[in-house]
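# Working through the structure, step by step
What follows is each chain in one-letter form.
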There are 2 protein chains.
Amino acid sequence: MTECTNSRLPDNKQRELITAAYDPQTVRLAGEHMIELLSKHLRVVQDASGPVLHWFEPNENITLAHKQLAAGEIGPPSDVPELLARFDELVKQTLSRGQNLHHPHYVGHQVPASLPLASLFDAVTTMTNQVMAIYEMGPWATAIERAIVNKLGETLGFPAGEFTGLVTSGGSLANLTALLTARNVTLGNSWSRGLTSHSPAPVLVAHAESHYCVTRSAGILGLGTDQVVRVPLDERRRMNVNELDAILTDLRQKNVPIVAVSAAACATPIGAFDPLVDIAEVCQRHDVWLHVDAAHGGAACFSARHRHLVEGLHLADSVVCDAHKMMFMPALCALVFYRNPEHRYAAFQQAAPYLFDPSAPGMAEFDNGVSNLECTKRAAAMGLWGTWSLFGSRLFEALVDTTFDLSQHFYELLTAQDDFEPYCRPECNILVFRHLPVELRDRSPTEIDQYQLQLRRAVIQSGDYYLVQTQLDGRSYLRTTLINPLTQAVHLQGLLENLREQGRQLLSR
Amino acid sequence: MTECTNSRLPDNKQRELITAAYDPQTVRLAGEHMIELLSKHLRVVQDASGPVLHWFEPNENITLAHKQLAAGEIGPPSDVPELLARFDELVKQTLSRGQNLHHPHYVGHQVPASLPLASLFDAVTTMTNQVMAIYEMGPWATAIERAIVNKLGETLGFPAGEFTGLVTSGGSLANLTALLTARNVTLGNSWSRGLTSHSPAPVLVAHAESHYCVTRSAGILGLGTDQVVRVPLDERRRMNVNELDAILTDLRQKNVPIVAVSAAACATPIGAFDPLVDIAEVCQRHDVWLHVDAAHGGAACFSARHRHLVEGLHLADSVVCDAHKMMFMPALCALVFYRNPEHRYAAFQQAAPYLFDPSAPGMAEFDNGVSNLECTKRAAAMGLWGTWSLFGSRLFEALVDTTFDLSQHFYELLTAQDDFEPYCRPECNILVFRHLPVELRDRSPTEIDQYQLQLRRAVIQSGDYYLVQTQLDGRSYLRTTLINPLTQAVHLQGLLENLREQGRQLLSR
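### Here we look at the interface of chain A and chain B
- Contact residues are listed per partner, giving 168 residues for chain A and 168 residues for chain B.
- Top element by residues in the side of chain A that touches chain B is helix α2 (residues 24-46) of chain A. It accounts for 14 residues.
- Looking at the side of chain A that touches chain B, its residues break down into 85 nonpolar, 57 polar and 26 charged.

### Some points on the sheet that holds strand β11 (residues 430-435) of chain B
Residue and element names in this part refer to chain B.
- The strand order across the open sheet built from 4 strands is β10-β11-β13-β12, with neighbouring strands paired in antiparallel fashion. Both edges of this open sheet fall to β10 (420-422) and β12 (468-472), since each of them pairs with a single strand only. Each strand of the sheet is rotated relative to its neighbour by a mean of 40°, with strand direction disregarded.
- Alignment of β12 against strand β13 (residues 475-481), held across 5 bridges, turns out to be antiparallel. The partner of Gln469 across the bridge, within β13, is Leu478.
- Running over the sheet, helix α15 (residues 445-462) touches β11, β12 and β13 and is turned about 30° from β13.

### Details of the packing of α2(A) against helix α4 (residues 80-96) of chain A
Residue and element names in this part refer to chain A.
- Where α2 meets α4, the closest approach of the two axes is 10 Å, and the angle between their N-to-C directions is 30°. Judged by the inter-axis angle, α2 sits roughly parallel to α4. Note that α2 runs across α4; the crossing there is right-handed. Of the residues in α4, those touching α2 at Thr26, Leu29, Ala30, His33, Met34, Leu37 and His41 are Val80, Leu83, Leu84, Phe87, Asp88, Val91, Lys92 and Leu95.
- A breakdown of the residues in the contact of α2 with α4 according to their chemical character gives 10 nonpolar, 3 polar and 2 charged.

### Observations regarding the nonpolar core
- Among the nonpolar cores identified, the biggest contains 340 residues, and A:Leu335 and B:Leu290 are the most heavily contacted of them.
- In this structure, B:Leu290 is in contact with B:Ala260, B:Val261, B:Ala263, B:Ile279, B:Ala280, B:Cys283, B:Leu315, B:Ala316 and B:Asp317, ignoring residues within four places of it in sequence.

### Here's the deal with the sheet that holds strand β4 (residues 228-231) of chain B
All names here are of chain B.
- Strand order in the open sheet formed by 7 strands is β2-β8-β7-β6-β5-β3-β4, with mixed pairing between adjacent strands. Because the sheet does not close on itself, it has two edges, and the strands there are β2 (164-168) and β4. Ignoring strand direction, the axes of neighbouring strands in this sheet form an average angle of 20°.
- The pairing of β2 with strand β8 (residues 334-338) spans 5 bridges and is antiparallel. Looking at the pairing, Leu166 lines up with Val336 of β8.

### Section: helix α14 (residues 445-462) of chain A
- Spanning 18 residues, α14(A) covers 26 Å between terminal C-alpha atoms, matching the ideal 26 Å at 1.5 Å per step.
- Two residues or fewer after α14(A) comes A:Gly463, characterised by a positive phi angle close to 85°.

Quick notes on the rules
Residues numbered from 1 in each chain as written. Chains lettered and ligands numbered in written order. Predicted model: local features only at pLDDT ≥ 70, side-chain atom pairs only at ≥ 80, totals over all residues. Contact = placed C-beta atoms within 7 Å. Helix = DSSP H or I, 4+ residues; strand = E, 2+ residues; numbered from the N terminus. Nonpolar A, V, L, I, M, F, W, Y, C, P; charged D, E, K, R; others polar. Pairing = 2+ DSSP bridges. Axes fitted to C-alpha atoms, helices over the stretch in contact; angles between N-to-C directions. Parallel < 35°, antiparallel > 145°, perpendicular 65-115°, else oblique. Left-handed = near helix turned anticlockwise from the far one by under 90°. Core = buried A, V, L, I, M, F, W, Y, C linked by C-beta atoms within 7 Å. Buried ≥ 20, exposed ≤ 12 C-beta atoms within 10 Å, placed from the backbone. Expected span 1.5 Å × (residues − 1).

Here it is, written out as structure tokens:
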């Protein structure tokens with residue numbers, strides 16, 4: 001074992017160091033600095049006064065992050081002003097080298113320009129370290145999670161009092177938890193006995209363009225990624241219901257155990273929403289567990305104009321919805337819902353004697369550890385509870401409407417250009433397109449693909465805009481998610497001009 | 001689908017609501033309120049001026065949390081002063097109904113009185129929503145994670161540059177990730193083919209008192225919880241190395257595939273540290289993957305006086321260490337280490353075309369999504385990087401030394417009492433004991449057990465102290481974790497007096 005770089009301090013110096021680190025007045029001063037730096041940063045970023053992403057190569061950033069740790073080893077701050085100066089330096093460096101999601105030119109991944117007030121609420125439960133596993137450790141954190149699960153579940157369409165749910169650390173873990181529940185319920189004793197005695201091998205039937213975490217779940221859960229049966233898509237890249245019916249009929253005839261059908265609302269590549277009512281009917285007919293990954297699209301339920309996209313969601317046996325996507329929460333706040341309240345305890349089937357107290361058995365109903373993969377768990381719903389309590393669900397409706405509407409506008413803008421080609425009209429706020437300047441018209445498909453990728457890389461490294469790419473049917477496309485409500489039409493007009501300009505430079509080389 | 005309680009706002013009103021919610025000046029004012037409320041709260045709690053836990057029944061808290069959501073539906077704040085007043089109300093309610101881990105009378109679960117400055121650093125990356133999956137989305141978040149993984153891994157004893165690691169959302173997920181890697185490496189094609197063709201059924205060999213997440217991992221990964229072989233303990237409740245050797249010999253003779261041996265540093269019930277050097281020798285001899293759950297005890301490596309407890313940790317194939325335990329970070333910041341850098345990619349074996357960009361293949365080395373269960377992931381190492389950069393690793397040494405030393409003092413205090421009986425001398429800051437007043441001497445073992453549980457419940461619901469319970473060999477005990485460095489000897493003296501007083505009242509009924 002290597003020696004630590006510090007030599008041990010005498011006991012009284014250790015005590016002094018701890019007292020300094022926990023001093024409430026220091027926390028107050030540093031907190032005031034933090035708020036000032038953050039609010040200034042938000043102003044600059046929202047005004048589009050700087051780059052979206054100040055690009056540095058990974059190794060340059062890593063070297064700098066190491067240097068700061070090494071500086072800490074030299075010695076702790078000798079007084080509060082020195083501590084505050086150092087604090088400012090570390091915060092400023094962090095702000096200057098990050099991704100600026102609140103910049104109106106951020107039109108990238110399905111990660112939002114989060115509601116800043118949500119982070120303030122989050123800081124309250126983070127600083128006081130309110131956690132869950134058992135009710136006692138986070139009584140209020142438990143209560144707000146229950147309230148949020150109830151309200152969001154009802155908004156998704158589940159009948160009040162007749163469903164259950166939980167909050168977990170991200171959409172991948174949420175999908176894993178729901179599919180684990182499906183596996184345990186569907187395959188009987190797979191929790192205790194494992195899968196080694198299961199023959200024929202069970203399958204997971206999934207949307208052909210499911211998020212990678214769905215296929216991963218099959219790998220994690222011992223089913224095997226080869227055991228994922230991909231349902232072909234219709235012309236709108238939605239799950240083809242007739243194909244699903246045929247697949248389930250065939251599997252049932254062969255007595256192949258079916259863990260679940262995993263549908264998408266929406267699928268990530270182009271944001272296509274599966275026809276859930278029809279899929280639910282097919283699943284019910286074949287007696288198959290229906291899981292819906294509504295991580296991105298679930299929040300459409302808040303919108304009077306868009307909730308039709310997730311009609312039928314409440315017919316699913318399990319649903320995942322990420323508040324850190326279209327409810328504009330900072331990461332991570334993902335929710336799992338079960339139509340049948342009894343399934344809350346089906347994922348994990350154990351107890352830890354030091355957690356679950358036989359002297360108060362009724363309390364276990366409020367202990368999150370029994371239904372969550374996490375033992376210690378953050379109060380991840382705090383930001384959502386706080387902002388919902390402040391503004392009401394109308395805020396989430398406004399965020400959905402604004403970003404969905406802007407995507408329709410962007411589609412029409414693209415359609416009106418000679419040199420841009422949208423893949424299709426968007427159903428939500430995900431839009432896929434290509435730039436096809438006249439110089440590319442006689443190039444090969446491969447060259448056109450490479451151009452899209454190179455163009456994107458040039459744009460993001462310039463810091464002017466941030467957008468992403470995707471592959472559809474083996475071809476490369478540009479892809480935007482309009483997930484910053486501060487982005488407006490003028491910024492999208494600017495994006496097209498920026499792509500043209502960067503493209504000209506690229507093609508002239 | 002139920003209707004939302006609000007009717008849709010006109011477009012201009014939606015825009016106004018969004019502008020108000022994102023206004024940097026409002027964020028600044030609310031942030032200043034938050035810091036004032038939090039620093040005052042910390043002062044009151046650290047001074048032990050109020051209860052540790054202000055006890056409310058779950059349904060009372062849940063009803064109140066619902067009421068606040070309903071109040072949000074009535075209408076958004078009409079101006080900034082109204083918003084701030086409402087913000088204060090929500091924050092105050094949260095602070096008044098939580099668990100106060102910074103109270104010196106908090107001596108409960110393995111969840112620390114976290115470093116408040118860590119939460120301020122965390123708020124910076126939370127408000128700006130710095131996330132990872134790919135480097136582009138969180139370049140600085142990625143860099144600080146890499147720097148922390150390198151520094152902590154070296155402190156744990158891994159040779160610089162010859163190991164790898166990652167940060168994930170909690171110890172349970174960290175153990176799952178490491179054991180998934182062990183399963184994939186050990187069982188060949190289990191990721192793609194699943195476990196259905198594996199015969200004889202593979203086993204996981206584990207410390208008999210492993211954290212429940214280890215057994216759960218066997219359930220999740222398709223091995224089955226029945227396939228966990230529990231290694232008997234020695235007289236100090238550590239893994240018995242001779243028994244381990246015999247078990248592995250027997251399994252190898254029978255050609256039973258062994259996914260891993262899971263050791264503990266330390267195990268949760270009494271904080272016993274396994275003899276890692278000896279265990280590693282046995283595992284190497286039998287060619288078995290050694291996993292060490294050092295979630296709690298890994299941080300002993302920071303201490304010149306205590307690092308002997310985790311000697312041999314660097315010989316393990318995978319190690320889990322929770323910074324949100326003995327590095328005093330707010331939840332969640334858990335780390336996984338692999339001795340062999342190639343194992344970083346063994347847990348998950350896929351790509352998502354819209355994440356991983358063929359135009360910059362070298363960049364995938366810095367994309368966390370390939371080695372993490374999470375796709376979108378918090379910048380969970382920010383608080384650790386910030387406080388380490390401010391104070392150096394000597395702060396973590398001071399925290400370990402202070403809380404470990406206090407536990408030795410508490411043990412001696414208990415030993416000196418007629419009516420208290422410690423289970424054994426603690427190795428770290430977890431201490432198990434019973435209260436055995438003279439009135440209990442002629443009671444049955446069951447009655448003595450019930451008394452411990454009832455006594456604990458009376459104490460925690462009074463708000464005077466917070467401690468926990470555990471079961472050992474079928475008997476009930478009181479259990480403390482001294483994980484608040486502001487707790488001092490005088491507070492532990494007070495705990496004994498409080499237990500006596502509450503016990504008297506209990507026995508007089």
